[in-house]
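Below, each chain spelled out in residue letters.
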Amino acid sequence: MTNNTERKSLLVYSMEGGAWLGAYLIVRFFCGVAGIYIPLLNSVAMLLFIGTPFVVYRIMLQYHKRNGYVSGFSLLWMMGIMLFFFASLISCIPEYVFYQYISPDYIANATAQSLKLIEELGVIENTATLDEMRKLLEGEALPTSMQMVMSSMWSNVFFGSLLSIVVAPFVLRSKSKNNIKS
């Protein structure tokens, strides 16, 4: 008998996996920003951050299995990059809404709290970084909502690319484990 199941392309599977990863990133983002008011959510956000490689591994492994273990390292790496790109497209929409409409003063408050903490700890004193932070707060030259979202998007893609380099070999190793068990 022939197998008539149609395989999904890398792009389609990356978009579908990116939707799931995007939802995961949205939950992680909201746990992080709500951690200001409910400290327990900071721990949840940290656990979600630590769990990100496992989520990416599961998504990549499903693609790898469904395509008969024919994907190589570079294909899985490319999938990881696309996963984070599509996930960022999805997760940046609620981030923008949050920064722009829900809590427009969040960026200024976060910068002020960071500056206050740095000054209280006394770790770095009289540096150009502290002077620049003070100037930003006084001159209200803080990043805009769109700048924050674009920064988040590109950092997700960049660090997702690095994470994919690390995760892809583990996905490829799963093939050899499954062949040994068979």
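Residues numbered from 1 in each chain as written. Predicted model: local features only at pLDDT ≥ 70, side-chain atom pairs only at ≥ 80, totals over all residues. Heavy atoms only, no water.

A. Quick peek at the layout of surface pockets. One number sums up the size of the largest pocket: a volume of about 680 Å³. Every residue lining the largest pocket is counted, 24 residues in all, and those nearest its centre are Leu25, Arg28, Phe29, Phe49 and Asn156. Taken together, the residues that form the lining of the largest pocket break down as 14 nonpolar, 8 polar and 2 charged. (1 Å grid on protein atoms, 1.4 Å probe; cavity = no way out; pocket = protein on both sides within 12 Å on 5 of 7 lines; lining within 4 Å. Points joined across faces, edges and corners; volume = space filled by probe spheres on them. Nonpolar A, V, L, I, M, F, W, Y, C, P; charged D, E, K, R; others polar.)

B. Expanded view of the packing of helix H2 (residues 39-66) against helix H3 (residues 73-102). It is the contact of H2 with H3, at a shortest axis distance of 11 Å, that shows an interaxial angle of 125°. Between H2 and H3, the crossing angle belongs to the class labelled oblique. Every pair of crossing elements has a handedness; the one defined by H2 and H3 is right-handed. Each of Thr52, Val56, Ile59, Met60, Tyr63 and His64 in H2 lies in contact with H3, whose residues at this interface are Leu75, Leu76, Trp77, Met79, Gly80, Leu83 and Phe84. (Axes fitted to C-alpha atoms, helices over the stretch in contact; angles between N-to-C directions. Helix = DSSP H or I, 4+ residues; strand = E, 2+ residues; numbered from the N terminus. Parallel < 35°, antiparallel > 145°, perpendicular 65-115°, else oblique. Left-handed = near helix turned anticlockwise from the far one by under 90°. Contact = heavy atoms within 4.5 Å.)

C. Geometry of the packing of aromatic side chains. Inspection of the entire model under this criterion finds 12 aromatic pairs. Centroid distance Phe29 to Tyr99: 5.8 Å. Interplanar angle 80°. Geometry classified as edge-to-face. You can see Phe29 sitting in helix H1 (residues 10-34) and its partner Tyr99 sitting in helix H3, a full 70 residues away along the chain. By relative accessible area, which is 8% here, Tyr99 ends up buried. Both rings, one in Tyr99 and one in Tyr106, keep their centres 6.0 Å apart while their planes meet at 35°; by these two values the pair is tilted. The pair formed by Tyr99 and Tyr106 is uniform in burial state, with each residue classed as buried. Ring-pair connections join several aromatic residues into one group, and the members of that group are Phe29, Phe30, Phe98, Tyr99 and Tyr106. (Phe/Tyr/Trp six-rings, centres within 6.5 Å; stacked < 30°, edge-to-face > 60°. Buried < 20%, exposed > 50% of the residue type's maximum accessible area, 1.4 Å probe, protein only.)

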